[in-house]
Amino acid sequence: MDVTRSTLEQIVGDLKGREEFRLRGRNLNRQYDQLDVFPAVADGEVAEFSPTDEGEAPAFLLWSRKADKAFDGDGALTRPLTAWWGGERNELQMAFARRGLTVRLTRDEAARERYAESGTLVLSPRSAAQTCDLRRLLAAFEALAERGVLALARAGSTRSAGWEQVTETERDAEQTAVFWHDQSHDAFDELGQLGHSLSLYWRGDAGLVCDELERAGFAVIRPWSEDVVIEVSPSPGPAPDIEAYAAAHEANVVGAPRKPRKPPAPAGPFAELHRFRAPNRSLRVHRLAFDPAGAALAVTQEPDLRGRPEHPLYRVELATGAVTRVFTGHGGGGSCGGCVFLADGRLVYSLSDFDPAKSLMTARGIVRLLVWEPEGDVVRELAVHPISHICNYSLSTLDAAGERVAVVTATGVSLLAVGSAGATSWQEQARVGGPAVNAYPLAALSRDGRYVAWTADIGNDVRCVDTGKGATLWREDFFPGHSGGRSVRRLGFDPRAEHMVALCLRSIYGPERDGKIEVREDRRLQFLAIADGRRTLSALEEATVGLTAMAWHPDGRRLAIGNESGELELRDYPGGELLATHKVFEKGSLTAIAFDRSGAHAAVGSEKGEIAVLALR
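Our subject in this report is the structure included herewith.

Rules of the game
Residues numbered from 1 in each chain as written. Predicted model: local features only at pLDDT ≥ 70, side-chain atom pairs only at ≥ 80, totals over all residues. Heavy atoms only, no water. Helix = DSSP H or I, 4+ residues; strand = E, 2+ residues; numbered from the N terminus. Buried < 20%, exposed > 50% of the residue type's maximum accessible area, 1.4 Å probe, protein only. Contact = heavy atoms within 4.5 Å. Areas by Shrake-Rupley, 256 points an atom, 1.4 Å probe, with all protein chains shown as cover. Lys, Arg positive; Asp, Glu negative; His and termini not counted. Charge placed at Lys NZ, Arg CZ, Asp CG, Glu CD. Phe/Tyr/Trp six-rings, centres within 6.5 Å; stacked < 30°, edge-to-face > 60°. Lys NZ or Arg CZ within 6 Å of the ring centre and 35° of its normal. Pairing = 2+ DSSP bridges. Salt bridge = Lys/Arg side-chain N within 4 Å of Asp/Glu carboxyl O. Axes fitted to C-alpha atoms, helices over the stretch in contact; angles between N-to-C directions. Parallel < 35°, antiparallel > 145°, perpendicular 65-115°, else oblique. Left-handed = near helix turned anticlockwise from the far one by under 90°. Nonpolar A, V, L, I, M, F, W, Y, C, P; charged D, E, K, R; others polar.

Remarks on the overall build of the chain
Tallying secondary structure elements over the chain gives nine helices and 38 strands in all. Principal axes of the C-alpha set define a box for the chain whose edges measure 85 × 60 × 55 Å. Here the chain, with 617 residues, has 54% of them falling under the buried criterion. Within the chain, contacts between residues at least 6 apart in sequence are counted, and of these 54% link residues at least 24 apart. About 27700 Å² of surface is accessible on the chain, with carbon and sulfur atoms providing 47% of the total. One finds the centroid of the 73 positive side-chain charges in the chain at a distance of 5 Å from the centroid of its 86 negative side-chain charges.

Quick look at the packing of aromatic side chains
Applying the stated criterion across every chain, the model contains 11 aromatic pairs. Each ring, one from Phe141 and one from Trp180, has its centre 5.3 Å from the other, and the planes form 65°; the classification is edge-to-face. Remark: Trp180 occurs in the loop between strand 7 (177-179) and strand 8 (198-203) and Phe141 occurs in helix 5 (residues 133-146); sequence separation between them is 39 residues. Trp180 matches Phe141 in its accessibility class, with the two residues each being buried. Three or more aromatic residues joined by ring pairs make a cluster, and in this case those are Phe141, Trp180 and Phe188. The cationic tip of Arg463 hangs over the ring face of Trp454; the distance from NZ or CZ to the ring centre is 4.2 Å.

Observations concerning the pairing of strand 24 (residues 441-445)
Of all five residues in strand 24, five are buried, a share of seventy percent or more. From the end of strand 24 to the start of strand 25 (residues 451-456), which pair antiparallel, there are five residues, and Gly449 there has a positive phi angle of about 75°.

Notes on the pattern of salt bridges
Applying the stated criterion to the full structure yields 46 salt bridges. Across the pair Asp186 and Arg107 runs a salt bridge whose closest N-O atoms are separated by 3.1 Å. Note that Asp186 is positioned in the loop between strand 7 and strand 8 and Arg107 in strand 4 (residues 104-107), a separation of 79 residues in sequence. Overall, Asp186 belongs to the partly exposed group, its relative accessible area being 43%. As a salt-bridge pair, Arg222 and Glu214 come within 3.0 Å of each other at their nearest N and O atoms. Note on Arg222: relative accessible area 36%, which makes it partly exposed. Here the salt bridges share partners, and the residues they tie into one network are Arg506, Asp522, Arg524, Arg535, Glu541 and Glu542.

Considerations on unusual backbone geometry
Leaving glycine out, the prevailing phi sign among residues is negative, and the prevailing peptide bond configuration is trans. Following Tyr573, the chain continues to Pro574 via a peptide bond in cis, the omega torsion being 15°. Relative to the assigned elements, Pro574 resides in the loop between strand 34 (567-572) and strand 35 (578-583). For Ala40, which is not glycine, the phi torsion reads 55° and is therefore positive. Its relative accessible area of 23% is what places Ala40 among the partly exposed residues.

Quick notes on the side chain of Glu373
For Glu373, the position within the fold is in strand 18 (residues 365-373). In this structure Glu373 touches Arg346, Val378, Arg380, Ala421, Gly422 and Ala423, once residues within four positions along its chain are discounted.

Let's talk about the packing of helix 1 (residues 5-16) against helix 4 (residues 89-98)
Contact geometry of helix 1 with helix 4 gives a least axis separation of 9 Å together with a crossing angle of 135°. The angle between the axes of helix 1 and helix 4 places the two elements in the oblique class. Viewed along their axes, helix 1 and helix 4 form a crossing whose handedness is right-handed. For the pair formed by helix 1 and helix 4, the contact residues are Leu8, Ile11 and Leu15 on the first element and Glu91, Leu92, Ala95 and Phe96 on the second. When the residues that make up the contact of helix 1 with helix 4 are grouped by side-chain class, the tally is six nonpolar, no polar and one charged.

Concerning the sheet that holds strand 8
On the basis of which strands lie adjacent, the open sheet formed by five strands has the order 6-7-8-10-9 and mixed pairing. Of all the strands in the sheet, just strand 6 (150-152) and strand 9 (219-221) have a single pairing partner and so form its edges. With direction set aside, neighbouring strand axes in the sheet form an average angle of 20°. Sheet analysis places strand 6 next to strand 7, joined by three bridges and oriented parallel. Of the residues in strand 7, the one forming a bridge with Leu152 is Phe179. Packing of helix 7 (residues 206-215) onto the sheet brings it into contact with strand 7, strand 8, strand 9 and strand 10 (230-233), and relative to strand 10 it is tilted by some 0°.

The structure is reproduced here in structure tokens:
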């Protein structure tokens, strides 16, 4: 049996959770894939290539362009393919073994970047012919399955999790079952050979199981009671002859990194001043805010499949991205629901957090409003409110005069008067209440402080409340007649306080093809007139279809939006005419935009963790 590119594609597809996967095309890696694959990376870029910067899955597999030439024109592997991997070694080893291939998988002493484990892989032209203990055991399990035994390889992470999987999969409670779990899988070495005995957990007919294992060539210690495991000893045969990584890599040595080309000067009104990585590198940039002097940024990032940001909020230098301050919740956790600088340099922010007076098992979610005073480097807690769900949408927003701040909870919006430096509490001026929203509350305060908008991320309708009168002016449905998936990702007002603005998402279900229903996401801004709640500015709404981020220019006459292509657009408000566009990020969508107070500079962030600072010429 030849080792082919097609077989490798099947294995990568298994690890990604995708059928009919091919190692070609532009969309090799998609959101929610369990593995990122980077085939044929340019030889001069391999040394500096960062899988976390380029992908977002919890695992990766990458190899160089020169290594990729190990496959001939017909797709057959003609020499060892060397690659780097990250994620879980056991899962990767199982994926190759299930497809009938023996590989050499080594572990790094220290895991690469943000991955649980990492190391090197050698796929040999002999990988199909050279068997190993793991493949022999899988073959024995397949034979047992044909005889009616529930045989589960690497079932769950622990013994109890393995038995849970048996219960979920069994035909009936009397069915003979046998399994090993992920922790015990470490008995297999880098070639899939048993380094020591492997414990198999079982019930039912132990003799049937042991007989099949012995036929597969294993020495087996049979249990003398139902409470004793089956012990499988390493097979007596020689280890598989798979090339060591160092020897195999010699044929695939890559060249020195190429000197990066100087980017051409951009056309249009934008000129790039600075570019750097956000504090958590590859995690999506969620929010940005300029300090009054225009010398620093507040930065928040969102979690992905590989983990959460180390801290919920950072202050970084504008020119270099160097972190100058971190802000954390109780126990170092929490997530930031909003941040804004006051004119005197203080930073007001909110955190979704837990009550520290209670244990994590019983603690209620809370929203904390805090202020950081650079003079003395002091953080003061100003208010604490309970919240029904922990999420990033527990926003705090500030009016244009810097006099009032709004904090949203599940049962209302608290309006506080901004206090002077050193104040330990800010007076509550008003509270907007009403029937509780279902989940993920979202609110905004208009720039003139007169109106509050209040909705929920997964809700249908929004309320507009006059803060002076304490009366709901109107209540409108964002998604009339829509029964599919929906979400409100951002809520606010235009600088003129003429329109409420919401970033709305709808799931549009298409026809069923190949047993799957096509789902398309419609993402756009919706504008509701404050006077009566009517949906308006249809031309501007259509111009924003597909946007991923937005921000108002301080002059109130321009709207900046970002898209999935990494482009920044500047549009006229309220007409919607395109004034300028600029390609900021080559990879990933543009996810955050902020202007400084003068409107002369913009900071933009990407889903890959990049931040760029632009000047408007």
